[in-house]
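# Structure assessment
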Amino acid sequence: EPEVTQTPSHQVTQMGQEVILRCVPISNHLYFYWYRQILGQKVEFLVSFYNNEISEKSEIFDDQFSVERPDGSNFTLKIRSTKLEDSAMYFCASGGLAGGYNEQFFGPGTRLTVL
Amino acid sequence: KNEVEQSPQNLTAQEGEFITINCSYSVGISALHWLQQHPGGGIVSLFMLSSGKKKHGRLIATINIQEKHSSLHITASHPRDSAVYICAESGGGADGLTFGKGTHLIIQP
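Here is what the cut-offs are and how they apply
- Residues numbered from 1 in each chain as written.
- Chains lettered and ligands numbered in written order.
- Predicted model: local features only at pLDDT ≥ 70, side-chain atom pairs only at ≥ 80, totals over all residues.
- Heavy atoms only, no water.
- Salt bridge = Lys/Arg side-chain N within 4 Å of Asp/Glu carboxyl O.
- Buried < 20%, exposed > 50% of the residue type's maximum accessible area, 1.4 Å probe, protein only.
- Pairing = 2+ DSSP bridges.
- Helix = DSSP H or I, 4+ residues; strand = E, 2+ residues; numbered from the N terminus.
- Axes fitted to C-alpha atoms, helices over the stretch in contact; angles between N-to-C directions.
- Disulfide = S-S within 2.5 Å.
- Contact = heavy atoms within 4.5 Å.
- Buried area = accessible area lost by both parts, 1.4 Å probe.
- Polar contact = N/O pair within 3.5 Å; in protein donor to acceptor, adjacent residues only side chain to side chain.
- pLDDT = per-residue confidence, 0-100.

### Observations concerning the pattern of salt bridges
Per the stated rule, a full pass over the model turns up two salt bridges over all chains. When the shortest N-O distance is used, the salt bridge between Glu44 of chain A and Arg36 of chain A registers 3.2 Å. Under the relative-accessibility criterion, Glu44 of chain A is labelled partly exposed at 21%. Taking relative accessible area as the criterion, Arg36 of chain A reaches 10% and is therefore assigned buried. With a shortest N-O distance of 2.9 Å, Arg58 of chain B and Asp81 of chain B are connected by a salt bridge.

Now the structure itself:
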């Protein structure tokens with residue numbers, strides 16, 4: 001069964017460093033999403049991506065964040081200058097249908113630790 | 001912005017019991033999602049519904065659009081059902097999900 005994959009599973013970085021989190025969505029899906037979950041808190045939406053551009057973003061997704069789909073298979077989240085408060089689990093998700101209501105399929109997550 | 005509220009926050013039950021988890025939301029939605037998160041952190045989609053009722057194995061999800069309320073039921077609960085169950089809403093298409101805080105369910109043998 002197709003699944004969303006994410007790498008790395010765990011990333012440790014120093015404050016101020018740039019990190020890139022990678023995701024491979026399910027191959028025929030059209031919508032791509034990033035979410036984060038700070039330890040002990042609820043999952044929060046960051047950004048959605050459709051037709052090679054950002055479709056929607058939350059107020060969390062400020063100028064230090066960017067997303068890219070560089071090669072038609074990978075979907076990346078870049079954090080330019082990490083802060084301590086960026087420490088969280090980051091989930092990628094993808095959804096299949098054009099328009100309509102999308103069931104979203106989640107990857108296993110990348111745990112980001114900023115020291 | 002839609003608010004998604006779940007109850008109870010924590011639920012401990014004995015194996016075999018019938019479980020109900022509730023979800024309410026503040027404004028009209030396009031789709032209501034139920035998801036499961038295991039201790040390792042992975043999130044699995046259980047149901048997406050916009051009306052009526054859906055059933056998958058021992059899991060049943062219902063939604064009442066007029067009352068802005070959904071329930072997730074587990075019949076004949078088992079210790080392997082122990083997980084966090086999360087309700088989320090979306091507007092469809094590229095809309096991101098707005099998550100509730102989750103219900104932490106423990107089923108004791």
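That covers the picture; the talk isn't over yet.
### A short note on the sheet that holds strand β1 (residues 4-7) of chain B
Residue and element names in this part refer to chain B. As summarised here, the arrangement of the five strands in space is β1-β3-β8-β7-β6, forming an open sheet in which the pairing is antiparallel. The sheet terminates laterally at β1 and β6 (52-56), the two strands that pair on one side only. Going from strand to strand, the sheet's axes swing by 15 degrees on average, the running direction of each strand aside.

### A look at the state of the cysteines
This model, assessed by the stated rule, comprises two disulfides over all chains. Across the disulfide from Cys23 of chain A sits Cys92 of chain A; the S-S distance is 1.9 Å. Handedness here is read from the sign of the S-S torsion; for Cys23 of chain A and Cys92 of chain A, about -60 degrees, the answer is left-handed. Placement of the pair is Cys23 of chain A in strand β3 (residues 19-24) and Cys92 of chain A in strand β9 (residues 88-95), with a sequence separation of 69 residues. For Cys23 of chain A, a relative accessible area of 0% corresponds to the buried category. Residue Cys92 of chain A is classed as buried on the basis of its relative accessible area, which comes to 0%. Between the sulfur of Cys23 of chain B and that of Cys87 of chain B lies a disulfide, 1.8 Å long from S to S. Taking the torsion about the S-S bond as the criterion, the Cys23 of chain B to Cys87 of chain B disulfide, at about -55 degrees, is left-handed. Placement of the pair is Cys23 of chain B in strand β3 (residues 19-25) and Cys87 of chain B in strand β9 (residues 83-90), with a sequence separation of 64 residues. On the accessibility criterion, Cys23 of chain B (1% relative accessible area) is buried.

### Brief notes about the pairing of strand β5 (residues 43-49) of chain B
Regular strands have side chains that alternate between both faces of the sheet. Residue and element names in this part refer to chain B. Across the seven residues that make up β5, a large majority, six, are buried. Summarising the sheet, strand β4 (residues 31-37) and β5 pair through six bridges and their orientation is antiparallel. Counted as the bridge partner of Leu32 is Leu49 from β5.

### A few points about the interface of chain A and chain B
Of the residues lining the interface, 20 residues belong to chain A; the matching set on chain B comes to 21 residues. Where chain A abuts chain B, roughly 1700 Å² becomes buried across the two surfaces, and 59% of that area is made up of carbon and sulfur atoms. Here chain A is connected to chain B by zero salt bridges. Taken together, the connections running from chain A to chain B amount to five residue pairs in polar contact (both at pLDDT 80 or more). Among the secondary structure elements, those contributing two or more residues to the side of chain A that touches chain B are β4 (31-37), β5 (44-50), β6 (53-57), β9 and β10 (104-106) of chain A.

### Considering the confidence of the model for chain B
Mean pLDDT over chain B works out to 92, with 99% of the residues at or above the 70 mark. Between the elements of chain B, mean pLDDT differs from a low of 93, seen in β5 of chain B, to a high of 98, seen in strand β2 (residues 10-14) of chain B.

### Some thoughts on the sheet that holds β3 of chain A
Residues and elements named next belong to chain A. Taken in spatial order, the four strands make up an open sheet running β1-β3-β8-β7, and their pairing is antiparallel. In this open sheet, the two edge strands, each paired with only one partner strand, are β1 (5-7) and β7 (65-68). Adjacent strand axes in the sheet meet at a mean angle of 20 degrees, parallel and antiparallel pairs treated alike. Two elements, β7 and strand β8 (residues 75-79), share four bridges in a ladder whose sense is antiparallel. Looking at β8, one finds that Phe65 is bridged to Ile79.

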